[in-house]
Amino acid sequence: MTSITVTAPDGVPRTVEPGARALDVLKAAGVLNNQVVAARVNGRVVDLARPLVEDGDVAPVAADSADGLEVLRHSAAHLMAQAVKRLFPDVQVTIGPVIDNGFYYDFKRGAPFTPDDLERIEATMREITKADFRVQREEVARADAVALFRQMGEEYKVEIIESIPEAVVSLYRQGEFVDLCRGPHVPSTGRLKAVKLTTVAGAYWRGDSRNEMLQRIYGTAWATAKDLEAYLQRVEEAKLRDHRRLGQQLDLFSLHPIAPGSPFFHPKGAVVYNTLVQYMRSLYGRYGYTEVITPLIYKTELWRTSGHYDAFREDMFLMAVEDDEYGVKPMNCPGHCYLFASRKHSYRDLPVRFADFSRLHRFEASGTLAGLTRVRSMAQDDAHIYCTPEQLDGELAQFIAMTREVYGVFGFDRVEVTLQTRPEKFLGRLELWDAAEAALRRALEQAGYAVTVLPGEGAFYGPKIGFDFRDVLERSWTLATVQIDCAMPERFGLEYVTSEGSLATPVMVHRAVLGSLERFIAILLEHTAGHLPLWLAPVQVRVLTLTERQEAYGRAVTAALEQAGVRADLDDRNEKLGFKVREAQLQKIPYMLVVGDKEAEQGTVAPRRRSGETVPALALAAFVDQVRAESVPGAPGPAPAAGT
Ligand SMILES: [Zn+2]
Ligand SMILES: [Zn+2]
């Protein structure tokens, strides 16, 4: 065989014999250390011990890189499976993929694993790490692999291997453990030092509820103990910030099995919800939107025309009434098309911008429902714009400006923009799609955004821009979206009279800034840890009396605040001040006003911010002015408390 020429990151071409390993080249180039877990050969991540078979580039893959972490995490899944088999020889292994931040492995076992089991598995994993077994790849004929796993009693592996078309499959061995796997893996189990098992859950074989239930163990793995620690801390932080927990603590909303996935907003939650709606309404005047109210339930004829009946029926609530089938609306657009068609339009009255805060219902499977983020009942700050093709660029620019204004008010400064293009299943004409994608791209370029294109991710009726906001826990959420509709205007036969007197189809734009209000509230709660900005706080000021002597004055202060439009309440219970302050802080109320004898005599208040910071006593009227000024959306108000 002829020799091979490969180039490592030092740029020196090296001639090696076929069969030389990637790690030999990296070593010769001086770039091999114990943080290198794999090699990249001509762009592909492979085992360090993989023999080189062709000319090209060889580079190290570091444990803390995205590819390195994937190798680590998948190797950790093997490590866990090995430990499980040692402790529970009767358990059968199935699959163990990598997921965000970690991995899992599904096992066939009658009973679920207990927390005690997890501890024992972790202890055994540590022993296997310490033993530092070499992880070795072998390639075998498929029939031999089937025989091997059949003899081991691993029926699931046999089923998997039998479904693989290739004649040769690869196995990975470490110590007594062998698994079917494409790899790559770390060179030895000693590399897996920062691994932790996190939770257990039931899961169906191949994700199908008709199949048997398996036991899934989740874990996380990192390049260093420090990274693992930081991750576990983020998870703890996320638990503290969980909007379901905060929703209960702050008495904002609840869910009940009587209406799965359909939140009940409590009085305080309704304040947050309605204040958000009012804020968006306040912008609508300026941005030229008109609000409309449209039906909730339509005959399915509407959903057939819109295309939802074919593309979205599984996600809708349908019902038979009299001799017709009806559907509850999962979105407002088709109703708005009827509204648009209810009168004649000329180019002179375009654009028309219909805004609608209507409730929407989507059927989401019970198992996927989660707090306010995955619901069956929701409302959006939804609107549809009908305009001429010439007006489209201006409408998109105006929407981007509005989104920037709203994100500015919430302080969402870390924003990434995606352009989601035509999916495989789509409605409408190709040239409309091309023109729409070009218009969206142009709008983003003019607004100065760096754009990430997500091919095929658009909706079935049009391409889409998403404005993704990154929260304090480094999670990314798509909030604002704008879509150009390539199907509905034609399907509904919408038209307007052009300046030449001919009839033309208007362009239809779907857009929302906050997205679903439910989801937006969840994200805002988690991002702020419940320290809502003053203008959104359900209770903005709590008045705290020092003793019962100030009861009357406390009531007068509270009444004066309410008169001035400030959301205030009074805590005149016969409790120690420290206790009352602590409770107001737990409620994350932006301002506390402590009133004692001195304040009552002088007609003043002594404000204390939820951060713990105190403000010198001032006249009540002066405080009212201050709170009102700070309650404007986006105004700098009292800072949140440190921590959560
Ligand atoms: Zn594997
Ligand atoms: Zn729409």
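Further up the page is the structure itself.
Let us look at the structure shown here. (Residues numbered from 1 in each chain as written. Chains lettered and ligands numbered in written order. Predicted model: local features only at pLDDT ≥ 70, side-chain atom pairs only at ≥ 80, totals over all residues. Heavy atoms only, no water.)

In this section: the coordination of the zinc ion (ligand 1). Donor atoms from the polypeptide that bind the zinc ion (ligand 1) are His 74 (NE2), His 78 (NE2), Cys 181 (SG) and His 185 (NE2), placed at 1.8 to 2.7 Å. Coordination geometry of the zinc ion (ligand 1): the four donor atoms subtend angles of 85 to 135 degrees at the metal centre, consistent with an arrangement described as irregular. (Donors = N, O, S within 2.8 Å, 3.2 Å for Na, K, Ca; no water. Tetrahedral: all angles 85-135°; square planar, octahedral: opposite > 155°, others 65-115°.)

Within this structure, the stated rule accounts for two cavities of 30 Å³ or more. Looking at the largest cavity, its volume works out to about 100 Å³. In terms of lining residues, the largest cavity is bounded by Leu 250, Leu 252, Lys 268, Gly 530, Leu 532, Ala 537, Pro 538, Val 539, Gln 587, Lys 588, Ile 589 and Arg 610. For the lining of the largest cavity, the residue count by class is seven nonpolar, two polar and three charged. The space that makes up the second largest cavity amounts to roughly 50 Å³. Every residue along the wall of the second largest cavity is listed here: Leu 252, Phe 253, Gly 269, Val 272, Ile 521, Leu 525 and Leu 532. At the level of secondary structure, the elements contributing two or more residues to the lining of the second largest cavity comprise helix H8 (267–287) and helix H15 (517–528). Tallied by class, residues from the lining of the second largest cavity come to six nonpolar, one polar and no charged. (1 Å grid on protein atoms, 1.4 Å probe; cavity = no way out; pocket = protein on both sides within 12 Å on 5 of 7 lines; lining within 4 Å. Points joined across faces, edges and corners; volume = space filled by probe spheres on them. Nonpolar A, V, L, I, M, F, W, Y, C, P; charged D, E, K, R; others polar. Helix = DSSP H or I, 4+ residues; strand = E, 2+ residues; numbered from the N terminus.)

In this section: the environment of Gln 248. Relative to the elements of secondary structure, Gln 248 occurs in helix H7 (residues 243–249). Residue Gln 248 is classed as exposed on the basis of its relative accessible area of 67%. Placed 18 residues apart in sequence, Gln 248 and His 266 show a C-alpha to C-alpha distance of 9.9 Å. (Buried < 20%, exposed > 50% of the residue type's maximum accessible area, 1.4 Å probe, protein only.)

The strand order E17-E19-E18 describes an open sheet built from three strands, whose pairing is antiparallel. A single partner strand is all that each edge strand has here, and the edge strands are strand E17 (297–299) and strand E18 (318–321). Each strand of the sheet is rotated relative to its neighbour by a mean of 35 degrees, with strand direction disregarded. Of the strand pairs in this sheet, E18 and strand E19 (residues 324–328) are connected by four bridges, and their pairing is antiparallel. (Pairing = 2+ DSSP bridges. Axes fitted to C-alpha atoms, helices over the stretch in contact; angles between N-to-C directions.)

Another point: the nonpolar core. Counting 63 residues, the largest nonpolar core has Leu 276, Met 280, Phe 410 and Phe 467 as its most contacted members. Counting 38 residues, the second-largest nonpolar core is a separate cluster that includes Ala 38, Val 71, Ala 77 and Met 80. (Core = buried A, V, L, I, M, F, W, Y, C linked by side-chain atoms within 4.5 Å.)

Here the focus is the packing of aromatic side chains. Enumeration over the complete set of coordinates arrives at 28 aromatic pairs. Between Phe 107 and Phe 113, the ring centres sit 5.8 Å apart and the planes meet at 75 degrees, which makes this aromatic pair edge-to-face. One exposure class covers both Phe 107 and Phe 113, and it is buried. With centroids separated by 5.6 Å and ring planes inclined at 80 degrees, the aromatic side chains of Phe 426 and Trp 433 adopt a geometry described as edge-to-face. Ring-pair connections join several aromatic residues into one group, and the members of that group are Tyr 279, Tyr 407, Phe 410, Phe 412, Phe 469, Phe 520 and Trp 535. Here the basic side chain of Arg 109 rests over the ring of Phe 113, its NZ or CZ set 4.7 Å away from the ring centre. Across from the ring centre of Tyr 309, 4.0 Å away, lies the NZ or CZ of Arg 304, which sits over that ring. (Phe/Tyr/Trp six-rings, centres within 6.5 Å; stacked < 30°, edge-to-face > 60°. Lys NZ or Arg CZ within 6 Å of the ring centre and 35° of its normal.)

Under the 1.5 Å per step criterion, the end-to-end length of helix H3 (residues 115–131) is 25 Å for 17 residues, consistent within 8% with the ideal 24 Å. Buried within H3 are the following residues: Asp 117, Leu 118, Ile 121, Glu 122, Thr 124, Met 125, Ile 128 and Thr 129. Buried residues along H3 sit against helix H2 (66–87), strand E12 (194–204) and strand E13 (213–222). (Expected span 1.5 Å × (residues − 1). Contact = heavy atoms within 4.5 Å.)

Attention now moves to the packing of helix H12 (residues 392–410) against helix H13 (residues 430–446). Here H12 crosses H13 at 50 degrees, and the two axes come no closer than 10 Å. The orientation of H12 relative to H13 falls into the category oblique. Of the two possible hands of crossing, H12 and H13 adopt the one that is right-handed. Where H12 abuts H13, its residues Leu 392, Asp 393, Leu 396 and Ile 400 lie against Ala 439, Leu 440, Arg 442, Ala 443 and Leu 444. Its residues placed into classes, the contact of H12 with H13 shows seven nonpolar, no polar and two charged. (Parallel < 35°, antiparallel > 145°, perpendicular 65-115°, else oblique. Left-handed = near helix turned anticlockwise from the far one by under 90°.)

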